[in-house]
Amino acid sequence: MAVAMKTFRVGTRGFSDVVDITAEVSEAVTGSGLGSGIALAFVAGSTASITTIEFERGSVNDLRRALERLAPEEADYEHNRKWHDGNGFSHVRAAVTGAGFSVPFQDGRLLLGTWQQIILIDHDNRARTREVIVQMVGG
Amino acid sequence: MAVAMKTFRVGTRGFSDVVDITAEVSEAVTGSGLGSGIALAFVAGSTASITTIEFERGSVNDLRRALERLAPEEADYEHNRKWHDGNGFSHVRAAVTGAGFSVPFQDGRLLLGTWQQIILIDHDNRARTREVIVQMVGG
Amino acid sequence: MAVAMKTFRVGTRGFSDVVDITAEVSEAVTGSGLGSGIALAFVAGSTASITTIEFERGSVNDLRRALERLAPEEADYEHNRKWHDGNGFSHVRAAVTGAGFSVPFQDGRLLLGTWQQIILIDHDNRARTREVIVQMVGG
């Protein structure tokens, strides 16, 4: 039994930009030498999320539209009135969709569906470089 | 310290059908021989979710109505225009509600509230048989 | 490798009251003696959530308004018609935002962003005392 961690960086364009990080998370698991366990993909910060989707342009855009309905970019936010950074919508979207995603793995392989990818969503209102932490516990 | 895994199958009717899987997850923990740790209930695939609710018909229907407001079945989806499988709403609902649910356990027992059940929600637009993975790490 | 658990209590005012529990979760990790691993902060019960946000009054109020749009307090709920406890909105909000939140830790320290806090949201329609479970696995 052991713990292994790997981090990697992802460039994003912000505004709920969706980036497929399945390959990086998968490599973290393979490289850890662990056979089976739980891998937690986590993004530090309060304006990004990690979740899962079938990563194809249609579904990705549909998700982005649903996030826009949930917390419209141009709505009035108390956060913006106080901090004047204009990313009030980003905080709401991130809090609802969640900063981490846990995936089981076995024989060094993520147990995802064939059409299921792990995605980072950057809700901030500018391009960012994000660090993703993959924390693995298992044996 | 050890890792244990158990899988089981669930038949669903799709369209955000909600199925109580608490007993199956609980039996996975009991049968693992592990005393305490974290159990991750996970569904492979991009059109289903696992979360928690008080499993009674009223709350379940209220949740389904909220999901319908979040991503209406009959709205226009880019995913549908491209793939013609008609389950664009399913992908959005699954991405927002999440494919996995982690629960702590102690003395071989899930630490859930009295009125708290673990549920699988199948958002796809047809009946499905889903495989749920319970990945447990602990000792 | 080991498992460690700590619980603590939080008083809330209900109605999606948001409470910063970062210090308590952080102390649970420090006090566990574990170096690195995964900490799962979990609230038993079906009307509360744990997630993350930049904890400042503006963002917190913006999140509460988004939850009110998602599941309005005064809407019609089947749960209320059956149980007459008036917290139908609470169940829907809790199911969507999630009862648990997993955070990686290293060198006994939570790997959160500078402006990222762990929050308990109590969606119930009255003041409550909640027990939060921090289940840690690692080494």
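From a predicted model like this one, the values you see are computed outputs, not experimental measurements. (Residues numbered from 1 in each chain as written. Chains lettered and ligands numbered in written order. Predicted model: local features only at pLDDT ≥ 70, side-chain atom pairs only at ≥ 80, totals over all residues.)

## A few points about the overall build of chain A
So, step 1. What chain A contains, in helices and strands, is 4 helices and 8 strands.
So, step 2. Ordering the α and β elements of chain A from the N terminus gives β-β-α-β-β-α-α-α-β-β-β-β.
So, step 3. The C-alpha atoms of chain A give a radius of gyration of 16 Å, which matches the 14 Å a tight globule of 139 residues would have.
So, step 4. With 139 residues in all, chain A has 55% of them scored as buried.
So, step 5. The long-range fraction of contacts in chain A, counting pairs at least 24 apart against all pairs at least 6 apart in sequence, stands at 81%. (Helix = DSSP H or I, 4+ residues; strand = E, 2+ residues; numbered from the N terminus. Rg over C-alpha atoms; globule rule 2.2 N^0.38 Å. Buried ≥ 20, exposed ≤ 12 C-beta atoms within 10 Å, placed from the backbone. Contact = placed C-beta atoms within 7 Å.)

## A word on the sheet that holds strand E5 (residues 100-106) of chain C
Residues and elements named next belong to chain C.
So, step 1. One open sheet holds the 5 strands; their spatial order is E1-E8-E3-E5-E6, and the pairing between them is antiparallel. Looking along the sheet, the strands with just one partner apiece sit at the ends: strand E1 (2-12) and strand E6 (109-110).
So, step 2. Across 7 bridges, the pairing between strand E3 (residues 37-43) and strand E8 (residues 128-138) is antiparallel. Residue pairing across strands places Ala41 opposite Val134, the latter belonging to E8. (Pairing = 2+ DSSP bridges.)

## Concerning the sheet that holds strand E2 (residues 17-20) of chain A
Residue and element names in this part refer to chain A.
So, step 1. With antiparallel pairing, 3 strands are arranged side by side in an open sheet as E2-E7-E4. Unpaired on one side and paired on the other, E2 and strand E4 (48-53) mark the two borders of the sheet. Strand-to-strand, the axes of this sheet are offset by a mean angle of 30°, without reference to chain direction. (Axes fitted to C-alpha atoms, helices over the stretch in contact; angles between N-to-C directions.)

## Side note on the relation of the copies chain A and chain C
So, step 1. Aligned on chain C, chain A shows an RMSD of 0.0 Å; the corresponding rotation is 120° and the shift along the axis is 0.0 Å. Interpreted geometrically, this transformation is the action of a three-fold axis.
So, step 2. Little of the interface of chain A is mirrored in chain C, where only 17% of its interface residues again form contacts. (Least-squares fit on C-alpha atoms with pLDDT ≥ 70 in both.)

## Focus: the pairing of strand E5 (residues 100-106) of chain A
Residues and elements named next belong to chain A.
So, step 1. Among the 7 residues of E5, 6 are classified as buried, and the element is accordingly described as predominantly covered.
So, step 2. Across 6 bridges, the pairing between strand E3 (residues 37-43) and E5 is antiparallel. Paired with Ala39 across the two strands is Val103, which belongs to E5.
So, step 3. Note: E5 against strand E6 (residues 109-110), 2 bridges, orientation antiparallel. From the neighbouring strand, Gln106 faces E6, where its bridge partner is Arg109.
So, step 4. Here E5 folds back onto E6 in antiparallel fashion, the turn holding 2 residues, of which Asp107 has a positive phi close to 50°.

## Re helix H2 (residues 57-70) of chain B
Residues and elements named next belong to chain B.
So, step 1. Taking 1.5 Å per residue as the helical rise, H2 with its 14 residues ought to reach 20 Å, and the 20 Å between its terminal C-alpha atoms agrees with that figure.
So, step 2. Those residues of H2 lying buried are Ser59, Val60, Asp62, Leu63, Ala66 and Leu67. Take H2 and look down its axis: the buried residues cluster within an arc of 160°, on one side only. Every exposed residue of H2 that faces more than 90 degrees away from the buried side is listed here: Arg57 and Arg69. (Expected span 1.5 Å × (residues − 1). Arc of directions from axis to C-beta.)

## Concerning the confidence of the model for chain A
So, step 1. Summing up the model confidence of chain A, the mean pLDDT is 96 and the portion of residues at 70 or higher is 99%.
So, step 2. Note on the complex model: pTM 0.97, ipTM 0.96. (pLDDT = per-residue confidence, 0-100.)

## Here we look at the relation of the copies chain A and chain B
So, step 1. Least-squares fitting of chain A to chain B yields an RMSD of 0.0 Å, with the superposition described by an axial translation of 0.0 Å and a rotation of 120°.
So, step 2. With a heterologous cut-off of 20% or less, the 17% of interface residues of chain A that recur at the interface of chain B puts this contact in the heterologous class.

## Quick word on the interface of chain A and chain B
So, step 1. Taken residue by residue, the interface counts 29 residues in chain A and 30 residues in chain B.
So, step 2. Of all elements in the fold, only E3, E4, helix H2 (57-70), E5 and strand E8 (128-138) of chain A reach the threshold of two or more residues within the side of chain A that touches chain B.
So, step 3. When residues of the side of chain A that touches chain B are assigned to their parent elements, the largest contribution, 7 residues, is made by H2(A).
So, step 4. The class makeup of the residues in the side of chain A that touches chain B is 11 nonpolar, 15 polar and 3 charged. (Nonpolar A, V, L, I, M, F, W, Y, C, P; charged D, E, K, R; others polar.)

## With respect to the environment of Ala23(C)
So, step 1. Positionally, Ala23(C) belongs in helix H1 (residues 22-32).
So, step 2. As a C-alpha pair, Ala23(C) and Thr114(C) span 91 residues in sequence and 13 Å in three-dimensional space.

## Observations concerning helix H4 (residues 88-97) of chain C
Residues and elements named next belong to chain C.
So, step 1. Burial within H4 is extensive, with 10 of its 10 residues counted as buried.
So, step 2. Looking at H4, one finds that the buried residues are Gly88, Phe89, Ser90, His91, Val92, Arg93, Ala94, Ala95, Val96 and Thr97.
So, step 3. One or two residues past the end of H4 sits Gly98, with phi positive at roughly 95°.

## What to know about the interface of chain A and chain C
So, step 1. Contacts between chain A and chain C engage 30 residues on the former and 28 residues on the latter.
So, step 2. Among the elements of the structure, strand E1 (2-12), E3, helix H3 (78-83), helix H4 (88-97), E5 and E8 of chain A are those that each provide at least two residues to the side of chain A that touches chain C.
So, step 3. Looking at side-chain class alone, the side of chain A that touches chain C contains 18 nonpolar, 9 polar and 3 charged residues.

## Looking at the environment of Ser49(B)
Residues and elements named next belong to chain B.
So, step 1. For Ser49, the position within the fold is in strand E4 (residues 48-53).
So, step 2. On the basis of neighbour count, Ser49 is assigned to the buried category, with 27 C-beta atoms found within 10 Å.
So, step 3. C-alpha separation for the pair Ser49 and Arg93, spaced 44 residues apart in sequence, amounts to 8.3 Å.
So, step 4. Every residue in contact with Ser49, bar those within four places of it in the chain, is listed here: Ala94, Thr97, Gly98, Ala99, Ile121 and His123.

## Side note on the nonpolar core
So, step 1. By size, the foremost hydrophobic cluster in this structure holds 129 residues, and its most contacted members are Ala39(A), Ala41(A), Ala39(B), Ala41(B), Ala39(C) and Ala41(C).
So, step 2. Apart from the residues within four sequence positions on either side, Ala39(B) is in contact with Val25(B), Ala28(B), Val29(B), Val103(B), Phe105(B), Leu110(B), Val134(B) and Met136(B). (Core = buried A, V, L, I, M, F, W, Y, C linked by C-beta atoms within 7 Å.)

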